[in-house]
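Observations on chain architecture
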Amino acid sequence: MSFSDDIENEFAAIIHKRNNVVADAALDLYANMIKASPVDTGELRRSWQLPKEIRRNTWLVSNYAPHALIIDGGRRKVATKNGMKWVGSEQLQDGYAPVIKRTEKTLQKELNRL
Amino acid sequence: MRSGIKSDFETWLMAQCTADGIKYYLTVSGVRVYVWFEGQTITPSTAFLDLKIVPLDTARVATGAKHHSGYYRFHIHTETPIFGDMVVDALATLLDEKRIEENYLIDLGVCRTFQRGNKFSETTHYETIVDIDFDHWECAV
């Protein structure tokens, strides 16, 4: 085993660990999104798809419920013909962005440890 | 989050706008875009935006200093999505990477479009949502 082989193996091990950390973060995000989802009929909570790796270190966590976009925008007023009207969820006033940001912070801490 | 971080930003933003009685507006391509703050009753107009402040967790570091972070979220309501993009550009010019020095020192990030051109059933305007991160360090006393 030469020195360059050692370096290569070490590098491969770090990459492997990094891939695992990112995959774990995707699963954590999926679980947190489900937990944070407000419930009325349960459609939004049931509509979360399992994380899917779309390319190296890039995972997709998605929801196919038709009202997911509205909930994600948070609780706010929009203009209608009859004046301003509330949309979004009372249970999830800020949308999913805080959940995503917390996951990002945790992921960054884990990656910094590598 | 310290309430001063909210009120300092609102005070600063009001100073960048033009006052019209109790209302404030920005002028984008000759059109008045009214700016509504939390607690105000919104009156719809051709173009308007409202501000919401979302604090995230406060982190305490080993030295005892605290890091407050969060984002300011603007819901921009316009009659066309293209004009919404122009309002986003105007906000970016006004806000990107600015440092606000009132009672607190607040560092702003870069405007990010979160959602663009939404129009829901019964709504009269297209909605674009823009976020801008803020950071404030509070030293240990």
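If you tally the helices and strands in chain B, you get two helices and ten strands. Traced from its N-terminal end to its C-terminal end, chain B shows the element sequence α-β-β-β-β-β-β-α-β-β-β-β. A compact globule built from 141 residues should have a C-alpha radius of gyration of about 14 Å, and chain B, at 16 Å, falls within 12% of that. Over its C-alpha atoms, taken along the principal directions, chain B stretches across nearly 50 × 30 × 25 Å. Split into buried and exposed, the 141 residues of chain B put 48% on the buried side. In chain B, 54% of the contacts between residues at least 6 apart in sequence involve partners at least 24 apart. Accessible surface for chain B amounts to roughly 6800 Å². Of this, 50% is attributable to carbon and sulfur atoms.

Moving on, we come to the overall build of chain A. Scanning chain A from terminus to terminus reveals four helices and four strands. Going from N to C terminus, chain A has its helices and strands arranged as α-α-β-β-α-β-β-α. Its C-alpha atoms give chain A a radius of gyration of 20 Å, more than 25% over the compact-globule value 13 Å for 114 residues. Taken along its principal axes, the extent of the C-alpha atoms in chain A is 75 × 25 × 20 Å. Within the span of chain A, comprising 114 residues, buried residues form 33% of the whole. Roughly 7600 Å² of accessible area belongs to chain A as shown, and the carbon and sulfur atoms make up 53% of that amount. Side-chain charges in chain A split into 18 positive and 14 negative, and the spacing between the mean points of these groups amounts to 11 Å.

The biggest cluster of nonpolar side chains holds 33 residues, and the ones touching the most others in it are Phe9(B), Leu13(B), Tyr72(B), Phe74(B), Leu95(B) and Leu108(B). For this core, the elements supplying multiple residues, two or more each, are α1 (3–16), β2 (23–28), β3 (31–36), β4 (47–55), β6 (66–78), α2 (81–95), β8 (105–108) and β10 (126–138) of chain B. Looking at this core element by element, the count peaks at seven residues for α2(B). With residues up to four places along the chain from it excluded, the contact list for Phe74(B) reads Phe9(B), Leu13(B), Leu49(B), Asp50(B), Leu51(B), Leu91(B), Leu95(B), Thr128(B), Ile129(B), Val130(B) and Ile132(B). Core analysis: the next-biggest nonpolar cluster, separate from the first, contains twelve residues, Leu29(A), Tyr30(A), Leu44(A) and Ala68(A) among them.

Here we take up unusual backbone geometry. Phi angles above zero are rare outside glycine, and Asn57(A) is one such case at about 60°. Asn57(A) sits in the partly exposed class, given a relative accessible area of 23%. One non-glycine residue, Glu122(B), adopts positive backbone phi at about 75°. Relative to the assigned elements, Glu122(B) resides in the loop between β9 (112–118) and β10.

Residue and element names in this part refer to chain B. Overall, the coordinates contain eight aromatic pairs over all chains when judged by the stated rule. Considering the side-chain rings of Phe9 and Trp12, the 6.2 Å spacing of their centres and the 25° angle between planes classify their relative orientation as stacked. Here the residue Phe9 and the residue Trp12 both occupy positions in helix α1, the gap between them amounting to three residues, near one helical turn. Just as Phe9 is buried, Trp12 falls in that class too. Judged by centre distance (3.8 Å) and plane angle (10°), the rings of Phe9 and Tyr72 are stacked.

Further remarks concern the pattern of salt bridges. If you walk through the whole model with that rule in mind, you get 13 salt bridges over all chains. A salt bridge links Arg113(A) to Glu110(A), with the nearest nitrogen and oxygen atoms 3.5 Å apart. Of this pair, Arg113(A) and Glu110(A) both sit in helix α4 (residues 97–113), separated by three residues, roughly a single helical turn. Glu110(A) gets classed as partly exposed once you look at its relative accessible area, which sits at 31%. The closest approach of N and O atoms between Asp107(B) and Arg99(B), which form a salt bridge, is 2.7 Å. Taken together, the shared-partner salt bridges connect Lys101(A), Arg112(B) and Asp133(B) into one network.

All names here are of chain A. Relative to strand β2 (residues 58–60), strand β1 (residues 52–55) runs antiparallel, the two sharing three bridges. Across the sheet, the residue bridging to Glu53 is Trp59, located in β2. Taken together, β1 and the strand that follows it, β2, pair antiparallel across an intervening segment of two residues, in which Asn57 is found at a positive phi of about 60°.

A separate point is the environment of Leu51(B). Residues and elements named next belong to chain B. Note that Leu51 resides in strand β4. Leu51 sits in the buried class, given a relative accessible area of 2%. Separated by 64 residues in sequence, Leu51 and Gln115 have C-alpha atoms that sit 15 Å apart.

Here the focus is the confidence of the model for chain B. When the pLDDT values of chain B are averaged, the result is 91; 97% of them are 70 or greater. Two numbers describe this predicted complex: its pTM, 0.87, and its ipTM, 0.83.

About the cut-offs
Residues numbered from 1 in each chain as written. Chains lettered and ligands numbered in written order. Predicted model: local features only at pLDDT ≥ 70, side-chain atom pairs only at ≥ 80, totals over all residues. Heavy atoms only, no water. Helix = DSSP H or I, 4+ residues; strand = E, 2+ residues; numbered from the N terminus. Rg over C-alpha atoms; globule rule 2.2 N^0.38 Å. Buried < 20%, exposed > 50% of the residue type's maximum accessible area, 1.4 Å probe, protein only. Contact = heavy atoms within 4.5 Å. Areas by Shrake-Rupley, 256 points an atom, 1.4 Å probe, with all protein chains shown as cover. Lys, Arg positive; Asp, Glu negative; His and termini not counted. Charge placed at Lys NZ, Arg CZ, Asp CG, Glu CD. Core = buried A, V, L, I, M, F, W, Y, C linked by side-chain atoms within 4.5 Å. Phe/Tyr/Trp six-rings, centres within 6.5 Å; stacked < 30°, edge-to-face > 60°. Salt bridge = Lys/Arg side-chain N within 4 Å of Asp/Glu carboxyl O. Pairing = 2+ DSSP bridges. pLDDT = per-residue confidence, 0-100.

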